[in-house]
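# Structure at a glance
Below, each chain spelled out in residue letters.
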Amino acid sequence: MALTVAVVGGGIGGFAAAAFLRRAGLHVALFEQAARLTEVGAGLVVAPNAARLLRRLGLGQRLEEAGVRLEVGWEFRRWQDGRVLFAQPLGEECERLYGEATWVLHRADLLGMLCSAVPEYAIHLGKRCVDLRMEDDRATLVFADGSTTDAEVVVAADGVHSILRGRVTAPRAPTATGLCAWRALVPAEAVPGFARRPVQTLWLGHGRHLVHYPVSGGRQVNVVAFTPAGSQDVESWSSQGRPQDLAAEFADWDPRLRELLTAVTSVGRWAVLERDPLDVWTAGRLALLGDAAHPMLPFFAQGAGQAIEDAAVLAACLARDPGHVHAALEQYQQARVPRARRVQIMSRARLAHHHLPDGPEQQSRDAAFAAEDPLGHNGWLYSYDAEHAFAERNAT
């Protein structure tokens, strides 16, 4: 009889876990607290390390239909005049080196793709997990409506504010970065032409940076900015800001950027908090995954990608040794912690890198861009195949 797995959380990580676990032949049920799945969030990047895994779920065509294939990534521009400091050629060169393109798409499109790989009967909405009881041979989830469910394995994919993380490790208070994030989606016809290019552009300045790229097959442009936080900022994707306040943060920047911001009519705004990497992701029959395991700053554009890698490896571990759950989860932890930690730490390092004031440090950073191999320096990230790496690690 197939191993039974309960996934808590219906975000990117949760649905990726359910999809890969089903692909591995395991019995999966997914529990999401929301009464319906909505288009929360905005754009995200799916680099080759994640895109190749999505294709193995049979989602390649949907990725190509919903996503925008980047021709250039990490196009860093100077805040004052838009001068290009660095640009990473992608397109055909990325596919030649890594066998896959880099894509940008709306979070809802990625979630819909993953949801399509999970049968409707396995998805349970309106189920807010409030407790977990573990015994030697099973785990029991308790929901706010009083219902329960048993499983042999529980996957906590319940996000940055994970309820179940505390069952694995002692709670740790996040650290304020001093920044807030702004997110907006703008119709492509409303923005200047440079923002419609299949390019991931980052404008860098003192204490601030702004990112934009097209999503939804090119029909919308995703705008993300980071500026000094205010006392009212909280860590919540549902928190709203005012477009005029966003524009004011960049009032003296390049006129082209100011023109883009005039097209923003609605914008989210929330505090950006930081959490240290975890050494332990599993306890008993419980495994953390995605933001519940490695909540990382967004500056390396790998949050979704690392959650998809987690899902693929977790499924491989449980399928390889379903009769020994504890050993399988230990393998998962050993395989994933070093990789996710490296990405998490590099994401943290970009905070200071992006926000230098004009002066010697900024000039040194800009000069260093010219010395980098634009695409090859990310080879460790893009060439990584989570499933193949696990198979090689456990080859007998």
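Remember, predicted model here, so these are calculated numbers, not experimental data.

Thresholds, definitions, all that
Residues numbered from 1 in each chain as written. Predicted model: local features only at pLDDT ≥ 70, side-chain atom pairs only at ≥ 80, totals over all residues. Heavy atoms only, no water. Helix = DSSP H or I, 4+ residues; strand = E, 2+ residues; numbered from the N terminus. Rg over C-alpha atoms; globule rule 2.2 N^0.38 Å. Buried < 20%, exposed > 50% of the residue type's maximum accessible area, 1.4 Å probe, protein only. Contact = heavy atoms within 4.5 Å. Areas by Shrake-Rupley, 256 points an atom, 1.4 Å probe, with all protein chains shown as cover. Core = buried A, V, L, I, M, F, W, Y, C linked by side-chain atoms within 4.5 Å. Pairing = 2+ DSSP bridges. Axes fitted to C-alpha atoms, helices over the stretch in contact; angles between N-to-C directions. Arc of directions from axis to C-beta. Parallel < 35°, antiparallel > 145°, perpendicular 65-115°, else oblique. Left-handed = near helix turned anticlockwise from the far one by under 90°. Nonpolar A, V, L, I, M, F, W, Y, C, P; charged D, E, K, R; others polar. 1 Å grid on protein atoms, 1.4 Å probe; cavity = no way out; pocket = protein on both sides within 12 Å on 5 of 7 lines; lining within 4 Å. Points joined across faces, edges and corners; volume = space filled by probe spheres on them.

Attention now moves to the overall build of the protein chain. From N to C terminus, the protein chain includes 12 helices and 20 strands. Compactness check: the protein chain gives a C-alpha radius of gyration of 21 Å against a globular reference of 21 Å for 396 residues, within 12% of the reference. Across the 396 residues that make up the protein chain, the buried fraction comes to 57%. Partitioning the intrachain contacts of the protein chain with sequence separation of at least 6 by distance along the chain shows that 74% fall at a separation of at least 24. With an accessible surface of roughly 16200 Å², the protein chain has 50% of that area assigned to carbon and sulfur atoms.

Right, let's get into the nonpolar core. Counting residues in hydrophobic clusters, the biggest one holds 76 residues, and the most contacted among them are Leu21, Leu110, Leu141 and Leu318. Per-element tally for this core: the top contributor is helix 8 (residues 303–320), with nine residues. If we ignore the near neighbours within four places in the chain, the residues touching Leu21 are Val5, Val7, Leu26, Val28, Val155, Ala315 and Leu318. Within the second largest apolar cluster, 34 residues are counted, among which are Cys94, Leu202, Val343 and Leu381.

With that settled, the discussion passes to the sheet that holds strand 17 (residues 240–241). Pairing is mixed across the open sheet formed by eight strands, whose spatial order is 6-5-14-15-16-13-18-17. One side of each edge strand has no neighbouring strand; the edge strands of this open sheet are strand 6 (84–89) and strand 17. As judged from the seven bridges shared by strand 13 (residues 175–187) and strand 18 (residues 267–274), these two strands associate in the antiparallel manner. Residue pairing across strands places Thr175 opposite Glu274, the latter belonging to strand 18. Those strands touched by helix 10 (residues 360–369) are strand 5 (72–78), strand 6 and strand 14 (199–205), and its axis lies near 35° from that of strand 6.

Every buried residue belonging to helix 10 is among Gln362, Arg365, Asp366 and Phe369, and all of these are buried. Seen along its axis, helix 10 keeps its buried residues to an arc of 95°; they face one direction. Among the exposed residues of helix 10, those oriented more than 90 degrees off its buried face are Pro360, Gln363 and Ala367.

Moving on, we come to the packing of helix 8 against helix 9 (residues 325–354). Their axes nearest at 8 Å, the elements helix 8 and helix 9 cross at an angle of 160°. By the criterion of interaxial angle, the relationship of helix 8 to helix 9 is roughly antiparallel. As for how helix 8 packs across helix 9, the hand of that crossing is right-handed. Contact residues: Gln306, Glu309, Asp310, Val313, Leu314, Cys317, Leu318 and Arg320 in helix 8; Ala328, Leu329, Gln331, Tyr332, Ala335, Arg336, Arg339, Ala340 and Val343 in helix 9. A breakdown of the residues in the contact of helix 8 with helix 9 according to their chemical character gives 10 nonpolar, two polar and five charged.

The next point concerns empty space enclosed by the protein. Counted according to the given criterion, the structure contains two cavities of 30 Å³ or more. When its volume is computed, the largest cavity comes out at roughly 90 Å³. Lining the largest cavity are 15 residues, with Val45, Ala47, Trp74, Phe300 and Tyr382 positioned closest to its centre. Elements with a contribution of two residues or more to the lining of the largest cavity: strand 5 and helix 11 (379–382). Split into classes, the residues belonging to the lining of the largest cavity amount to eight nonpolar, six polar and one charged. Of the voids in this model, the second largest cavity is the one considered here, and its volume is about 40 Å³.

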